[in-house]
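# Geometric and topological summary
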Amino acid sequence: MATHKSHFSIFATVPSLGEYTAMCKSLCIHNHCSDIYNYLPMSFNYESLVLACDIDDTLVPVSDRSPEERAMGLAALSDLLIGLEEIRIGFNEQVRFGSVTGRSLASHQEYEMQEPAFGTVANAMDFSVTSVGSEAYIRSPEGPQRITDWPNVARWDAFALREGLPMLPGITLQGEEGQGDYKVSFMVEGKDHDHEAIIAWVSQHLISIGVTASVIFSGGYLDILPPDVDKGAGLLHVIGKLGLLHEPFIVGAGDSMNDKHLLQAASRAGGLALLPGNAHPALVSWAQRTIPPHRRYMAKRPFAAGVREGVDWALNQ
Ligand SMILES: [Mg+2]
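Residues numbered from 1 in each chain as written. Predicted model: local features only at pLDDT ≥ 70, side-chain atom pairs only at ≥ 80, totals over all residues.

### Describing the overall build of the chain
Scanning the chain for helices and strands turns up ten helices and twelve strands. Counting only residues that meet the buried cut, the chain has 42% of its 317 residues in that class. Taking all contacts inside the chain whose residues are at least 6 apart in sequence as the whole, residues at least 24 apart take part in 66%. (Helix = DSSP H or I, 4+ residues; strand = E, 2+ residues; numbered from the N terminus. Buried ≥ 20, exposed ≤ 12 C-beta atoms within 10 Å, placed from the backbone. Contact = placed C-beta atoms within 7 Å.)

See the structure below:
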């Protein structure tokens, strides 16, 4: 893995804030997307790095992948760890690595036991953001410590949501293992889902029953979280607890639609949205429409090999 170019900037002149604002207005296809950092050209001038990865089909191929894909994906995990060690040395240990997943902590830990290669990777993690961003943990050899001030939510009646939503046709409540303190999760019937339409439909229902919430839908799973709670917000909260001495360059890696907030958070913070080569077409299309080209990287290689490829690319900019 290449050594990063610390304190190196390729830009001789820096446009004024006004010029950037004009650039934002001309480039942005969404009115709410006005973040200046999103449009700053990438240059590698950071003294710390955060690598935040989704697990299923980003770090580790899911179980219904072919045996060949599974074997290749698992083998790539050790390469990623070797690369991370090299980067840690290059950054004087100012590197943090962790998971940002839809899994609960219990499911994360179960998977660590079940899949030893993933267990080894998890042992190298500094943090885990679980349950689609609604829980966050700092990891240490003593075990994961929950960050108790996340999410900061005044009112959240998970029970009422569990009871209230199954009345919608085609939606069924997941089992207890899929539920969290701040996450209510359902299964949605059907295969060819229109993500935006389902989110709009459920959001409309929530408004009609007086509930403000984040609605996240991906791969048949529908998650309802407190407002402004998602993978990206959870990650940004946990980064503040990581003891980094400098504002980090954030790489957010994910493969499916429930990773879009993770990718968006990394991109908007001036980092990189990283999609492995196997990323779902819906996420690829969303990223192409939403994330500026210099803030996203579509890896050629799949799974952890794609993550390593993207980190290498970023550090060489
Ligand atoms: Mg995934």
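Moving on from the model shown.
### What to know about the packing of helix α2 (residues 67–90) against helix α10 (residues 303–315)
Running from N to C, α2 and α10 point in directions that differ by 30°, and their axes come no closer than 7 Å. If you check the angle between α2 and α10, you find them roughly parallel. Taken together, the residues of α10 that come into contact with α2 (itself represented by Gly73, Ala76, Leu77, Asp79, Leu80 and Gly83) are Phe303, Ala304, Ala305, Val307, Arg308 and Val311. Considering only residue class, the contact of α2 with α10 consists of eight nonpolar, two polar and two charged. (Axes fitted to C-alpha atoms, helices over the stretch in contact; angles between N-to-C directions. Parallel < 35°, antiparallel > 145°, perpendicular 65-115°, else oblique. Nonpolar A, V, L, I, M, F, W, Y, C, P; charged D, E, K, R; others polar.)

### Regarding the environment of Ala52
Tracing the backbone shows Ala52 in strand β1 (residues 49–53). Taking C-alpha positions, Ala52 is 5.9 Å from Phe97, a pair spaced 45 residues apart along the chain. In this structure Ala52 touches Gly98, Val100, Leu235, Ile250, Val251, Gly252 and Leu262, once residues within four positions along its chain are discounted.

### Quick word on the sheet that holds strand β8 (residues 214–218)
Spatial ordering of the open sheet is given by β6-β7-β9-β8, a layout of four strands whose pairing is antiparallel. In this open sheet, the two strands that pair with only one neighbour each are β6 (171–173) and β8. Strand-to-strand twist across the sheet, computed as the mean angle between neighbouring axes with direction ignored, equals 25°. Relative to strand β9 (residues 221–225), β8 runs antiparallel, the two sharing five bridges. Opposite Val215, over in β9, you have Ile224 as the bridge partner. (Pairing = 2+ DSSP bridges.)

### Here's the deal with the sheet that holds strand β10 (residues 249–253)
Pairing within the open sheet is mixed, and its eight strands lie in the order β5-β4-β3-β2-β1-β10-β11-β12. The open sheet terminates on both sides in strands that have one partner only, identified here as β5 (145–146) and β12 (296–298). The sheet contact formed by strand β2 (residues 95–100) and strand β3 (residues 127–130) spans three bridges and is parallel. Within the sheet, the bridge partner assigned to Val100 lies in β3 and is Val129.

### Here we look at the environment of Ala154
Turning to its location among the elements, Ala154 is positioned in the loop between β5 and α5 (158–164). Sequence separation between Ala154 and Pro226 is 72 residues, and the spatial gap between their C-alpha atoms is 9.6 Å.

### Topic: unusual backbone geometry
A cis amide bond, omega -10°, links Trp150 with the succeeding residue Pro151. Positive phi, normally seen in glycine, also occurs at Phe303, with a value near 55°. With respect to the element layout, Phe303 can be found in helix α10.

### Details of the environment of Glu93
Within the secondary structure, Glu93 sits in the loop between α2 and β2. Judged by local crowding, Glu93 falls into the exposed class, with 11 C-beta atoms found within 10 Å. Here the alpha-carbon distance between Glu93 and Leu49, two residues 44 residues apart in the chain, equals 9.5 Å.

### So, the nonpolar core
Counting residues in each nonpolar core, the largest one holds 75 residues, and the members touching the most others are Ala52, Leu59, Leu235, Val251, Ala266 and Leu274. In terms of residues, this core owes the most to one element, α10, which gives seven residues. Inspection of this core shows a minimum of three residues originating in each of domain 1 (17–150 + 230–315) and domain 2 (158–225). The residues touching Leu59, leaving out its near neighbours within four places in the chain, are Cys53, Leu77, Val121, Phe303, Ala304 and Val307. (Core = buried A, V, L, I, M, F, W, Y, C linked by C-beta atoms within 7 Å. Domains from an automatic or database assignment.)

### Side note on the pairing of β1
Burial analysis of β1 places five of its five residues in the buried class, the great majority of the element. Along β1, one buried face is formed by Leu49, Leu51 and Cys53 and the opposite face, lined by Val50 and Ala52, is buried too. Handedness of the crossover joining β1 and β2 through α2: right-handed. Strand direction decides the pairing type here: β1 and β10, joined by five bridges, are parallel. In the sheet register, Leu49 faces β10, and the bridge partner there is Phe249. (Right-handed = clockwise from strand over helix to strand, strands pointing away.)

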